[in-house]
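What follows is the residue order along each chain.
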Amino acid sequence: MMMNKIRRVGAIAALMLAMALSLAARDGLKGKHIYVNPGHGGWTINDRPLATINHAAGDTTGFFETSASLWKSLELAQRLRDAGAKVTMSRTKNGYVADGDPKRTPNDRTETYSDADGQPQLVTLAKIAEHVEKLKPDYFISLHSNAATEGKLTNYQCIFYRGEYGAEYSKGSQARAELATVYLHDNPLTVWTDTIAGKHYVTGDLTWYGVKPEKAKASALGYKGYLAVLKHSAPGFLVESSFHTYHPERHRLLNRDYCRLEGLRCYRAIRDYFSGEKDKLGHIAGLVKSATDTIDNKLFKFVPGSFDRWLPINGATVTLCDRHGKARVVKHTDDEYNGFFAFFDVKPGRYIIRIEAPGYKTLEHEVTVKADEITYMKMQVRPKKR
Ligand SMILES: [Zn+2]
């Protein structure tokens, strides 16, 4: 009897604990304030205009870090809001420069900020830092892509928080960054390259740029560090997701859905940091390439032997079918030499992906979608007999 009672009390306590935990989990992002900073913002020479096969450098529909950063950020912001978080974005549009920017183009407007309308279009790093400092968000994230010399076969990811490796200057930044890299590295559709022995790719900005702490300059707000946009007290980091100087990756960054995928990864990192509830839906992302032909273009220098060598199939029709082969959603790969496709927010289950491209044999592949996971596919199509 006594035993029974103890057992029951234990069971009730366990149940209450489980309920409390699940409540806490459900509340993960509710009421949390996330500040999202899409890197860059204008159409100037400083906003990394670079040529791709279809676009000359400077074409605003071609590659600019400005647009890739915004696409990633808008996706992240939307998912955070859907999960109940409060989100502030430093900008929501492209084509803003600082007042008096000598590099300004006719397509650029002057950055704006007013408390009244609530949505700033800020690009000056010190102004963004000031804005962050005023709002004191729970999490700060700045989204960028990285640069080496043009066409270099370098593509890795790095994340910087303010301060030194192992000695963050805004408490909680390193933990946020270290969890984020687990999610952000989950991109098998790109080709990751080097790792430098003993080098930390998640580190303090002073450490990465080799600045001694005593030489670190304090901002007008009084915060020391290296990257101006991190000179505030909010915990968080800047992520250089991949290298836009690596040609195949630059082309992929022209694809909005490819950028959305990065926004989704950032969302998962932030959500899990706050123990938010897992998603009930899953996602599929993949590439369609030729199984026989490689790409040969001076604007598409790839890592030898990597998957990037295969000719990407432009304009392929990619159909998400149920497991009986009935078409559900139809997408097309872009015309930018990516062969990239994605289906977001798909119910878990078994599906068939059908690939059709003129001149190639139709390819069907079974795929399983799992809740809260991204299923990646690398598909290669064979030419029809000529
Ligand atoms: Zn950047």
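Computed from a predicted model, the values in this text were never measured in an experiment.

Peer 1: Honestly, the pairing of strand E18 (residues 349-356) in this entry has me stumped. Any pointers?
Peer 2: Two faces make up the sheet, and in a regular strand the side chains alternate between them. One ladder, built from six bridges, connects strand E15 (residues 317-322) with E18; its direction is antiparallel. Each bridged residue has a counterpart across the sheet, and for Thr317 the counterpart in E18 is Glu356. As judged from the seven bridges shared by E18 and strand E19 (residues 363-369), these two strands associate in the antiparallel manner. Within E19, the residue paired with Ile352 across the bridge is Glu366. The loop that links E18 with its antiparallel partner E19 comprises six residues; one of these, Gly359, has a positive phi angle of about 90 degrees.

Peer 1: Is there a simple way to explain the pattern of salt bridges in this structure?
Peer 2: Two side chains carrying opposite charge are able to pair once their charged atoms lie near each other. For the structure on display, the rule yields 21 salt bridges. Of the charged contacts in the structure, one is a salt bridge between Arg265 and Glu262, with a shortest N-O distance of 2.7 Å. One end of the pair, Arg265, and the other, Glu262, are both in helix H7 (residues 256-273), three residues apart, so they sit about a helical turn from each other. Each member of the pair, Arg265 together with Glu262, is buried. A salt bridge links Arg271 to Asp372; its shortest N-O distance comes to 2.7 Å. Within this pair, whereas Arg271 is found in helix H7, its partner Asp372 is found in the loop between E19 and strand E20 (374-381), the two being separated by 101 residues in sequence. Considered together, Arg271 and Asp372 belong to a single accessibility category, that of buried residues.

Peer 1: Would you mind showing me how to read the sheet that holds E15 here?
Peer 2: Two orientations exist for strands paired in a sheet by backbone hydrogen bonds: parallel and antiparallel. On the basis of which strands lie adjacent, the open sheet formed by four strands has the order E16-E15-E18-E19 and antiparallel pairing. A single partner strand is all that each edge strand has here, and the edge strands are strand E16 (327-332) and E19. Ignoring which end each strand starts from, the neighbouring axes of this sheet average 25 degrees apart.

Peer 1: How should empty space enclosed by the protein be read in this particular structure?
Peer 2: Over the atoms rolls a probe the size of a water molecule, and its path tells where empty space is left. With the rule as written, the count across this model stands at two cavities of 30 Å³ or more. Reported here for the largest cavity is a volume of approximately 60 Å³. If you go around the largest cavity, the residues you meet are Lys72, Gln157, Leu184, Asn187, Trp192, Ser241, Ser242, Glu249, Leu253, Tyr258, Glu262 and Arg265. Of all elements in the fold, only strand E12 (236-243) and H7 reach the threshold of two or more residues within the lining of the largest cavity.

Peer 1: For this particular structure, what's the right way to read the coordination of the zinc ion?
Peer 2: Six octahedral donors around a metal ideally make angles of 90 or 180 degrees; four tetrahedral donors ideally make 109.5 degrees. Protein-derived ligands of the zinc ion are His40 (NE2), Glu65 (OE) and His144 (ND1), with the metal-ligand distances lying across 2.2 to 2.3 Å. On the basis of relative accessibility, which here comes to 1%, the residue Glu65 falls in the buried class.

Peer 1: Just checking my understanding: could you explain the domain arrangement of the protein for this structure?
Peer 2: In terms of domains, the protein is made up of domain 1 (31-273) and domain 2 (282-381). Of note, the centres of domain 1 and domain 2, computed from C-alpha atoms alone, are 28 Å apart. Of all residues in domain 1, Ile53, Leu189 and His247 give up the largest surface area on contact with domain 2, accounting jointly for 22% of the area buried on that side. For Lys331, the salt bridge identified is with Asp257, shortest N-O distance 3.2 Å. Counting the contacts that link domain 1 with domain 2 gives 19 residue pairs in polar contact (both at pLDDT 80 or more).

Calculation notes
Residues numbered from 1 in each chain as written. Predicted model: local features only at pLDDT ≥ 70, side-chain atom pairs only at ≥ 80, totals over all residues. Heavy atoms only, no water. Pairing = 2+ DSSP bridges. Helix = DSSP H or I, 4+ residues; strand = E, 2+ residues; numbered from the N terminus. Salt bridge = Lys/Arg side-chain N within 4 Å of Asp/Glu carboxyl O. Buried < 20%, exposed > 50% of the residue type's maximum accessible area, 1.4 Å probe, protein only. Axes fitted to C-alpha atoms, helices over the stretch in contact; angles between N-to-C directions. 1 Å grid on protein atoms, 1.4 Å probe; cavity = no way out; pocket = protein on both sides within 12 Å on 5 of 7 lines; lining within 4 Å. Points joined across faces, edges and corners; volume = space filled by probe spheres on them. Donors = N, O, S within 2.8 Å, 3.2 Å for Na, K, Ca; no water. Domains from an automatic or database assignment. Buried area = accessible area lost by both parts, 1.4 Å probe. Polar contact = N/O pair within 3.5 Å; in protein donor to acceptor, adjacent residues only side chain to side chain.

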